[in-house]
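Structural overview
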Amino acid sequence: MNAVVLLIEDNEQNHYLASYLLKARGHQVVYAVDGPAGIALALEIVPDLILLDIQLPGMDGYEVAYELRQSSKLQQVPIIAVTSYAMVGDRERVLRAGCNGYMEKPIDPETFVSEIEEHLSQARREEYR
Ligand code: MN
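Predicted model, so just to flag it, every value in this text is computed and none were measured.

Moving on to helix 5 (residues 112-127). An ideal rise of 1.5 Å per residue puts 22 Å on 16 residues; helix 5 measures up with 23 Å between its terminal C-alpha atoms. Check the buried side of helix 5 and you find it contacts helix 1 (12-24), strand 3 (49-53), strand 4 (79-83) and strand 5 (101-104).

Turning next to the sheet that holds strand 4. On the basis of which strands lie adjacent, the open sheet formed by five strands has the order 2-1-3-4-5 and parallel pairing. Lying at the two open borders of the sheet, with one neighbouring strand each, are strand 2 (28-32) and strand 5. On average, each strand axis in the sheet is tilted by 25 degrees relative to the strand beside it, whichever way the strands run. Relative to strand 5, strand 4 runs parallel, the two being bridged by four bridges. Paired with Ile80 across the two strands is Gly101, which belongs to strand 5.

Tetrahedral metal sites with four donors have an ideal angle of 109.5 degrees; octahedral sites with six donors have ideal angles of 90 or 180 degrees. Around the manganese ion, the protein contributes the donor atoms Asp10 (OD), Asp53 (OD) and Gln55 (O), at 2.0 to 2.2 Å from the metal centre. Binding-site remark: the manganese ion is held by donors from one chain whose sequence spacing is D-x42-D-x1-Q. In this pair, Asp10 sits in the loop between strand 1 (4-8) and helix 1 while Gln55 sits in the loop between strand 3 and helix 3 (61-69), placing the two residues 45 residues apart along the sequence. Residue classification places Gln55 among the partly exposed positions, given a relative accessible area of 25%.

How each quantity is defined
- Per-chain numbering applies: the sequence of each chain, read as written, is numbered from 1 onward.
- Owing to the predicted nature of the model, reporting of local features is limited to residues with pLDDT of at least 70; listing and counting of side-chain atom pairs is limited to 80 or more, with chain, interface and lining totals taken over all residues.
- To obtain the side-chain values, all non-hydrogen atoms of the structure were used and water was disregarded.
- Helix and strand definitions follow DSSP, with helices as H or I runs of at least four residues and strands as E runs of at least two, each counted in order from the N terminus.
- In this scheme, a helix's expected span is set at 1.5 Å multiplied by one less than its residue total.
- A contact between two residues is defined here by any heavy atoms of the two lying within 4.5 Å.
- Two strands qualify as a pair provided that DSSP identifies no fewer than 2 bridges between them.
- Between the N-to-C directions of two axes lies an angle of 0 to 180 degrees, each axis being a line fitted to C-alpha atoms and, for a helix, fitted only over the stretch in contact.
- Water is not part of the atom set, so a site may look incomplete; the donors themselves are N, O and S atoms within 2.8 Å of the metal, or 3.2 Å for Na, K and Ca.
- Whether a residue is buried, partly exposed or exposed follows from its accessible area with a 1.4 Å probe, protein chains only, as a fraction of its type maximum: under 20%, in between, or over 50%, in that order.

See the structure below:
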């Protein structure tokens, strides 16, 4: 189940780790360092899944998720928010912005890819309904 994952992340170390783990399991990773670049890339390639950092410079992840959902091309693409905010209400806020799920930083290398793959499987099941 090889997937193309778009990672929108401004932190180079987080990008490196997520990218390494995904590639080790056979996935392709495309990468943008801010919201506008991520949106442009998403529209161009229509990835299988978008991993979205919430704390981005300028346009934050909530705004990015909202913008991504404005495109009919991207309606079915799972968006997983990644954030280190440990605040009550965050989960509701990311879901309201159009994300399908939520992951906390630091990402856990043991479970990270499995979680992503679970979202990919769920998106594929919904597609064939
Ligand atoms: Mn960040």
